[in-house]
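So you can see what is in the structure, the chains are spelled out below.
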Amino acid sequence: MSVTPLLEVQDLTKTYNGRIGCQNVSFRLYPGEVMGIVGESGSGKSTLLNCMAGHLAPDSGKVLFDTRVDGPRDTLAMSEPERRMLGRTDWAFVHQNPRDGLRMRISAGGNVGERLMAVGARHYGTIRDAAGDWLERVEIATDRIDDRPAQFSGGMQQRLQIARNLVSGPRLVFMDEPTGGLDVSVQARLLDLLRGLVRTMGLSAIIVTHDLAVVRLLADRLMVMKSGDVVETGLTDQVLDDPQHGYTQLLVSSVLQV
Amino acid sequence: MDDYNFAYLDEQTKRMVRRAILKGLAVPGYQVPFASREMPMPYGWGTGGVQVSASVMTPDDVVKVIDQGADDTTNAVSIRKFFQKTADVAVTEHTGEATVIQTRHRVPEELLTENQILVYQVPIPEPLRFLEPRETETRKMHALEEYGLMHVKLYEDIAKHGAIATAYAYPVKVEDRYVMDPSPIPKFDNPKLESECIQLFGAGREQRIYALPPYTKVVSLDFEDYPFDPSKADHPCALCGCTNSYLDEVIVDDDGGRMFVCSDTDYCESRRKRGFTGPQFPLAGEAA
């Protein structure tokens, strides 16, 4: 029996004025799966993520998404309204810097409710209940619902950003260094929370990070990138415990041990 | 009189403005860009409204200009004089007699008819401006009908104040399509946007014209559990006793004394002429 992949990327290439961003990337992501993309700075992981999420236009290739109504469709060939609709319903994007993903001058409740209102929710009580519910799920006290994100700590901002993204029940989440810039104990809490949410909601996710511990905890499969190329793929534990490519071996051996 | 072309603007400019007006009428609520001209008055004084009025004006028109409902404030007086001087048109203070009414921040109380044009002066035509500062993005949002953000503003109002606290420039949806800023009229006036007359909106500094044709559907945005409420001060007019007109609060002494009077001066005066009086009429020291 074959399962339709939720997302299928075919030969994705993006160059910046002739310089390679990423090239000939192909992979499949199945429903409920979490894929990690690791590599050093400048290896093309963020370029790849932004191309998939529709923030950047790739030079060539296809990004097929299994839409609810029409089945697999190339999101790059979609019209802009369709793609933006997808971006605020079935997709979610968690930025590294919460300030990029939040509206800093709008209360936490408004931030979480925005996606609901964007798809037509017009009942204040329902929106507020959903916002309160989601704040609880990301461990933010509900009495802070009317505070602005600027009054939150970095870890809380990141959790708020996650709540804001997951409130619409997306099927695919793109995460760009979700734990970057947080201290280790806050990181651990966030990872724990993310792992719980991914498992209970059955989310599929693509996580870009340079932190191998993050992928070890969250990702089912791993893709290692270097200079725009994918150099190794496989199950997370397999790649991390038995790296085959020279670069992966270097990467794994570079992790600091306490 | 021969020193100016009729209504100040040259004919080519008027044609350009008329084209924008026609486009605006064809796509109600859509902000049509136009090449706004320098006018002999500062931005913020109604340069957009004046250009629109000048372009629709004919020598037979009767012009009325109001500022916050009043005919006798600086802005209204200077614009009325401007058209008297440059177009030599008849002017009036009576809403019913006017054929072109230029207004700042109010809709006249008296219902307007099919023979009238109401021209609004608009400071900021973009309803999404303070929510999304990028004009490229707001245009895209209008084009793709992505108006969730407008409700985020109303949500914030309720979260902070317990009710939709937006009292003027209250956003409306036109013909189930475009979200429009009705210029800073009080939300009390929003129901009057569904009118028999032609309504034109001119923003001079921002170079935008938009319009509502007669009988256009205009719905004020709200939540199901917090419906739109066109509220006003809970008093009768102190001079004419009217209970359903929009009122200004006037401070009358430095001892906390205040009175509420109709903001539409012509409406209030004509009611008094017909014999209606309020609790404070005639004013102390003034003959009736």
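Everything below is about the structure printed above this text.
No experiment lies behind these values; they were computed from the predicted model shown. The residue numbers shown here count from 1 along each chain, following its written sequence. The naming scheme follows written order: chains are lettered A onward, ligands numbered 1 onward. pLDDT decides what is reported in this predicted model: residues at 70 or higher carry local features, side-chain atom pairs at 80 or more are listed and counted, and totals for whole chains, interfaces and linings draw on all residues regardless. Side-chain metrics in this entry use all non-hydrogen atoms of the structure; hydrogen atoms and water are not considered.

Draft legend 1. Representation of the packing of helix H2 (residues 47-56) of chain B against helix H3 (residues 74-87) of chain B within the structure. Residue and element names in this part refer to chain B. Axes, fitted as lines to C-alpha atoms, cover a helix only where it is in contact. Angles between the N-to-C directions of the axes lie from 0 to 180 degrees. Secondary structure elements are taken from DSSP: a helix is a run of H or I of four residues or more, a strand is a run of E of two residues or more, and numbering for both begins at the N terminus. Between H2 and H3, the shortest axis-to-axis distance is 12 Å and the interhelical angle comes to 30°. The angle between H2 and H3 falls in the class roughly parallel. Judged by the twist between their axes, the crossing of H2 over H3 is right-handed. Of the residues in H3, those touching H2 at Val50, Ser53 and Ala54 are Ile79, Phe82 and Phe83. Lys, Arg, Asp and Glu make up the charged group, whereas Ala, Val, Leu, Ile, Met, Phe, Trp, Tyr, Cys and Pro make up the nonpolar group; the residues left over, Gly among them, are polar. Residue classes in the contact of H2 with H3 are distributed as five nonpolar, one polar and no charged. Each angle is binned into one of four classes, with values under 35 degrees roughly parallel, values over 145 roughly antiparallel, values of 65 to 115 roughly perpendicular, and all other values oblique. Note on convention: near helix rotated counterclockwise from far helix by under a right angle means a left-handed crossing. Clockwise means right-handed. Residues are treated as being in contact if the distance between any of their heavy atoms lies within 4.5 Å.

Draft legend 2. Representation of the sheet that holds strand E9 (residues 221-226) of chain A in the model. Residue and element names in this part refer to chain A. Whether two strands pair comes down to DSSP finding at least two bridges between them. Reading across from one edge, E6-E7-E8-E3-E9-E10 is the order of the six strands in this open sheet, with mixed pairing throughout. Looking at strand neighbours, the two that pair on one side only are strand E6 (91-94) and strand E10 (229-235), the edges of this open sheet. On average, each strand axis in the sheet is tilted by 15° relative to the strand beside it, whichever way the strands run.

Draft legend 3. Spatial organisation of the environment of His123 of chain A. Along the polypeptide, His123 of chain A turns up in the loop between helix H4 (108-118) and helix H5 (124-137). For His123 of chain A, the residues in contact, after removing those within four places along its chain, are Phe223, Glu224 and Asp225 of chain B. Polar contacts involving the side chain of His123 of chain A include one to the side chain of Thr126 of chain A, which spans 2.9 Å. Of the polar contacts made by the side chain of His123 of chain A, one reaches the side chain of Asp225 of chain B; its length is 3.3 Å. Pairs of N or O atoms are called polar contacts if they sit within 3.5 Å, as long as, within protein, a hydrogen donor faces a hydrogen acceptor (for residues adjacent in sequence, only side-chain-to-side-chain pairs).

Draft legend 4. Seen up close, the pairing of strand E2 (residues 19-29) of chain A. All names here are of chain A. Two strands pair when backbone bridges link them, and strand E1 (residues 7-16) and E2 are joined in this way by seven bridges, in the antiparallel orientation. Bridge pairing links Leu7 to Leu29 in E2. Remark: two residues form the turn of the hairpin made by E1 and E2, two consecutive strands paired antiparallel; Asn17 in that turn has positive phi of roughly 50°.

Draft legend 5. Broad picture of helix H6 (residues 265-273) of chain B. Residue and element names in this part refer to chain B. Whether a residue is buried, partly exposed or exposed follows from its accessible area with a 1.4 Å probe, protein chains only, as a fraction of its type maximum: under 20%, in between, or over 50%, in that order. Within H6 the residues assigned to the buried category are Asp266, Tyr267, Cys268 and Arg271. As for H6, its buried residues are in contact with strand E2 (62-67) and strand E12 (258-262). For H6, the capping residue at the N-terminal end is Asp264, with a side-chain oxygen 3.3 Å from the backbone nitrogen of Asp266. One or two positions beyond H6, positive phi appears at Gly275, with a value near 105°.

Treat this as a map of the structure, not an account of what it does.
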